[in-house]
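For reference, the chains in residue letters:
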Amino acid sequence: MAPEPPKKIQREKSETYYDTKSQVFSALIDTIDLSQLAKLDPESAREEIRDIVNDIIAIKISQCRSPSRKSCSTTSATMC
């Protein structure tokens, strides 16, 4: 049976995951127009949200790859 990885590594991954998730969620809330979203049927709303989240992630990745990575936080860097 393989040894269990140290707890510290698992916690760091978890913190990084939740930090990244929080950043994406905050950007989504800042970007989305809830009044327009409410007018869509559920499937269209999901598709719109999915497209916006994909755009947010693409922007974060491009920021990480820019020559000046100073604007890229450690959390964002994990998405690269």
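Residues numbered from 1 in each chain as written. Predicted model: local features only at pLDDT ≥ 70, side-chain atom pairs only at ≥ 80, totals over all residues. Heavy atoms only, no water.

1. Describing the overall build of the protein
Stated formally: For helices the rule is a DSSP run of H or I covering at least 4 residues; for strands it is a run of E covering at least 2, with both sets numbered from the N terminus onward. Each residue's exposure class comes from its accessible area (1.4 Å probe, protein chains only) as a fraction of the maximum for that residue type: buried when under 20%, exposed when over 50%, partly exposed otherwise. All accessible areas in this document rest on Shrake-Rupley with a 1.4 Å probe, and a residue is counted as covered only by the protein chains that are shown.
Tallying secondary structure elements over the protein gives four helices and zero strands in all. Start at the N end of the protein and walk to the C end: the helices and strands fall as α-α-α-α. Per-residue burial for the protein yields a buried fraction of 18% across its 80 residues. Accessible surface for the protein amounts to roughly 6400 Å². Of this, 56% is attributable to carbon and sulfur atoms.

2. Digging into the packing of aromatic side chains
Using the following cut-off: Between the rings of Phe, Tyr and Trp (Trp by its six-membered ring), a pair exists once the centres lie within 6.5 Å; its type follows the angle of the planes, with under 30 degrees stacked, over 60 edge-to-face, and the other angles tilted.
All told, the structure shown has one aromatic pair when counted by the stated rule. Ring plane angle 80 degrees and centroid distance 4.9 Å describe the contact between Tyr17 and Tyr18, whose orientation is recorded as edge-to-face. Residue Tyr17 is classed as partly exposed on the basis of its relative accessible area of 49%.

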